[in-house]
Amino acid sequence: MIEETLDPENWEEMRALGHHIIDNMVDYLKNIREQPVWRPIPPEVKKRFRGSIPKEGQDIYSIYEEIKEKVIAFRLGNIHPCFWGWVFGTGTLYGAYGDLIASTMNATSGDFEHGASYIENQVIDWVKEMLGYDPQASGLITRGASMANIIGLTVARNVKAGFDLREEGLQSDSTKLTYYGSEEMHSSLQKAVELLGIGNKNLRRISVNEKFQINLDELKEAIESDKKNYLPICIIGNLGTVNTGAVDNLNALADIAEQQNMWFHIDGAFGALTKVSPMSHHLADGLERADSIAFDFHKWMYVNYAAGCVLVKSAKDHYQTFALSPDYCTQGIRGITGGKIWFSDYGVNMSGEFKALKIWMSLKEHGIKKYGRLVEQNIQQAKYLTGLIKKEESLELLAPTSMNIVCFRYKKEGLGKEELNKFNEEILLQMHERGIAVPSHTILRGNFAIRVAITNHRSKTGDFDVLINAVKEIAQDINV
Ligand SMILES: *Cc1c(COP(=O)(O)O)cnc(C)c1O
């Protein structure tokens, strides 16, 4: 019998391909500015994505050529300096090397006694320091802020429900739990309450003021009136809403949560990073008072996908919400199971990739001060863009710029609301198709907004002049 393995038959050939791939990747990133941000995928390329599963192996060089042609060439564009859509991160080359190392070690994160656990633990210590958060807090590196939000809201539920929720489950009790946040909350919070069995309607959406911040009086009234029939357990604060970058009054929310004996969770997916900025850290005032906070490394820390984080002030509550020790996976007294840090006791996953390495390497490569300067640079670029829009007769802002997100539209005389929305959508689509820049859109008070969210360490101030000129040029080209 011939015994097989997936290791290369020819290690030297694999080494040569590896060197070739690294060469390509370095050039790819080094020259990205000269490339279109995005390009449509032609039908003949799409056709080549079909076909059935390979029955036999192929030459490794030809597979790589296929990837170059079909995948690498048709990137989303978020590594480009002119990509400002949704909230995307830009990544770094050194971060990619981190993934290569982690993946070669095939290290799983979290449990057991191995180097990866110590790196992960140190990254969590560093982020507590970086955010000025309680050094005793526990934390977990997650796939993103969505999972971090789920974890925060789960601990909140289990702590505040008033009975043994893990054992009894929600069905054993008639108490109706309610969560509160503004109508600008991210959709992942809705997913979280749905998954937790709370139900979407029990996530109360409080209206916002002209700056898109939660209305505090309405929040207090909602909690008071709910108390008759419900158990209000958690307030969710936005530290950077996804639509406009608005920040709720976090200290006021912390006060209300304290008075009402409620949990205070912050969704700071990108906004938490303002804490490290030399000039804009005041935006994150009150962050340290949260019982739990969710944020992403892969957005405004520019770390390669995917990595988010949750911090929970009470490590005990966090542990008691998730810890389990099945017989086949218990901590031992020494050796390989002797590690003190078992991250599977702080979240949902058991196995998982070693995400911490690229974060750890990036923080060492640049130092936290540089991240602070880059966050500030993006905030200043948003200010600059806001200034350009204010100067243009034909453009108007649709929300105040409070952080790194700018929402605006082109004004065209004689168009009704719907036609104007369609007109701006057309500008945006053509901007994408021409490969000039990638803002995204949102709807603000019924109006279609071109939305520029700057979490990009490659953007330069002049790129925003290019954007504004392109908007005007495309608007001239469109016949209505
Ligand atoms: C992106 C985002 C999320 C979700 O984070 P993922 O990393 O995509 O899971 C949650 N809240 C806000 C405000 C976000 O911008």
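Refer to the structure printed above.
As the structure is a prediction and not an experimental result, all values here were calculated from the model.

Caption draft 1: Structural view of the overall build of the protein chain. Secondary structure assignment for the protein chain yields 15 helices and 12 strands. Its C-alpha atoms give the protein chain a radius of gyration of 24 Å, near enough to 23 Å, the size a compact globule of 480 residues would have. With the C-alpha coordinates aligned to their principal axes, the bounding extent of the protein chain is approximately 80 × 60 × 45 Å. Counting every position in the protein chain, which comprises 480 residues, the buried fraction comes to 50%. Sequence-distant contacts, at least 24 apart, represent 74% of the contacts inside the protein chain between residues at least 6 apart. For the protein chain, the separation between the mean place of its 53 positive charges and that of its 62 negative charges on side chains is 4 Å.

Caption draft 2: Fine view of the sheet that holds strand β2 (residues 138-142). In spatial order, the strands read β2-β8-β7-β6-β5-β3-β4; together these seven strands make up an open sheet with mixed pairing. This sheet does not close on itself; its edge strands, each paired only once, are β2 and β4 (203-206). Sheet twist, expressed as the average angle between the axes of neighbouring strands with direction ignored, equals 20°. Where strand β3 (residues 177-182) meets strand β5 (residues 231-238), four bridges bridge the pair, whose relative direction is parallel. The residue bridging threonine 178 from the neighbouring strand is proline 232, located in β5. Sheet strands touched by helix α10 (residues 250-259): β5 and β6 (263-267). Its angle to β5, the strand with the most contacts, is close to 170°.

Caption draft 3: Expanded view of the site of the ligand. As a matter of local geometry, the ligand sits amid 15 residues, with Ser146, Asp267, Asp296, His298 and Lys299 nearest to it. Between the ligand and aspartate 296 there is a distance of 2.7 Å, counted from an oxygen atom to a side-chain nitrogen or oxygen. Take lysine 299: an N or O atom from its side chain is 3.0 Å from an oxygen atom of the ligand. Coverage of the ligand by the protein chains reaches 85% of its 380 Å² of free accessible surface. No other element matches the three residues that helix α6 (residues 145-160) contributes to the shell around the ligand. Residue classes in the shell around the ligand are distributed as five nonpolar, seven polar and three charged.

Caption draft 4: Main features of the packing of helix α9 (residues 216-226) against α10. For the pair α9 and α10, the least separation of the axes is 11 Å and the interaxial angle reads 15°. It follows from the interaxial angle that α9 and α10 lie roughly parallel. When you trace α9 past α10, the crossing you get is right-handed. Across from Leu216, Leu219, Lys220 and Ile223 in α9, the residues of α10 making contact are Ala252, Leu253 and Ile256. Residue composition of the contact of α9 with α10, grouped by class: six nonpolar, no polar and one charged.

Caption draft 5: Up close: the environment of lysine 369. Within the secondary structure layout, lysine 369 lies in helix α13 (residues 368-391). Classification of lysine 369 as exposed rests on a relative accessible area of 68%. Here the alpha-carbon distance between lysine 369 and alanine 323, two residues 46 residues apart in the chain, equals 36 Å.

Caption draft 6: Quick peek at helix α15 (residues 461-477). Compared with the 24 Å implied by 1.5 Å per residue over 17 residues, the 25 Å span of α15 between its first and last C-alpha is a close match. Within α15 the residues assigned to the buried category are Asp463, Phe464, Leu467, Ile468, Ala470, Val471, Ile474 and Ala475. Summarising the axial view, the buried residues of α15 lie within an arc of 160°, below the 170-degree limit, and thus occupy one face.

Caption draft 7: The arrangement of the packing of helix α5 (residues 115-131) against helix α12 (residues 356-366) in detail. Where α5 meets α12, the axes come as close as 9 Å, and the angle between the chain directions of the two elements is 55°. Classified by the angle their axes make, α5 and α12 are oblique. Read as a crossing pair, α5 and α12 show a hand that is left-handed. Where α5 approaches α12, its residues Ile119, Glu120, Gln122, Val123 and Trp126 are matched on the opposing element by Ala356, Leu357, Ile359, Trp360, Leu363 and Lys364. Classifying every residue of the contact of α5 with α12 gives eight nonpolar, one polar and two charged.

Caption draft 8: Looking closely at the sheet that holds strand β1 (residues 83-84). Judged by pairing direction, the sheet is mixed, and its five strands sit side by side in the order β1-β11-β12-β10-β9 without closing on themselves. In this open sheet, the two edge strands, each paired with only one partner strand, are β1 and β9 (395-397). The pairing of strand β11 (residues 438-444) with strand β12 (residues 447-453) spans five bridges and is antiparallel. Residue pairing for β12: threonine 442 is matched across the bridge by alanine 449. Across the sheet, α13 is in contact with β9, β10 (405-410) and β12; its angle to β10 comes to roughly 20°. The sheet strands contacting α15 are β1, β9, β10, β11 and β12, and the helix crosses β10 at an angle near 25°.

Caption draft 9: Just the pairing of β12, in detail. With seven of its seven residues buried, β12 lies for the most part within the structure. Pairing analysis gives four bridges linking β10 to β12, with the strands arranged antiparallel. Counterpart to phenylalanine 408 in the pairing with β12 is isoleucine 450. In sequence, β11 turns back onto β12 through a hairpin of two residues, with arginine 445 there showing a positive phi of about 50°.

Caption draft 10: The arrangement of the pattern of salt bridges in detail. Under the definition given, this model contains 18 salt bridges. Put simply, lysine 70 and glutamate 66 hold a salt bridge, and the shortest N to O gap is 2.8 Å. Of this pair, lysine 70 and glutamate 66 both sit in helix α3 (residues 60-70), four residues apart, roughly one helical turn. A salt bridge links aspartate 125 to lysine 128, with the shortest nitrogen-to-oxygen separation between them at 3.3 Å. Of the two residues, aspartate 125 and lysine 128 both sit in helix α5, three residues apart, roughly one turn of that helix. With relative accessibility at 37%, the residue aspartate 125 sits in the partly exposed group. Taken together, the salt bridges that share partners define one network made up of Asp255, Glu258 and Arg289.

Calculation rules
Residues numbered from 1 in each chain as written. Predicted model: local features only at pLDDT ≥ 70, side-chain atom pairs only at ≥ 80, totals over all residues. Heavy atoms only, no water. Helix = DSSP H or I, 4+ residues; strand = E, 2+ residues; numbered from the N terminus. Rg over C-alpha atoms; globule rule 2.2 N^0.38 Å. Buried < 20%, exposed > 50% of the residue type's maximum accessible area, 1.4 Å probe, protein only. Contact = heavy atoms within 4.5 Å. Lys, Arg positive; Asp, Glu negative; His and termini not counted. Charge placed at Lys NZ, Arg CZ, Asp CG, Glu CD. Pairing = 2+ DSSP bridges. Axes fitted to C-alpha atoms, helices over the stretch in contact; angles between N-to-C directions. Near = heavy atom within 4 Å. Polar contact = N/O pair within 3.5 Å; in protein donor to acceptor, adjacent residues only side chain to side chain. Areas by Shrake-Rupley, 256 points an atom, 1.4 Å probe, with all protein chains shown as cover. Nonpolar A, V, L, I, M, F, W, Y, C, P; charged D, E, K, R; others polar. Parallel < 35°, antiparallel > 145°, perpendicular 65-115°, else oblique. Left-handed = near helix turned anticlockwise from the far one by under 90°. Expected span 1.5 Å × (residues − 1). Arc of directions from axis to C-beta. Salt bridge = Lys/Arg side-chain N within 4 Å of Asp/Glu carboxyl O.

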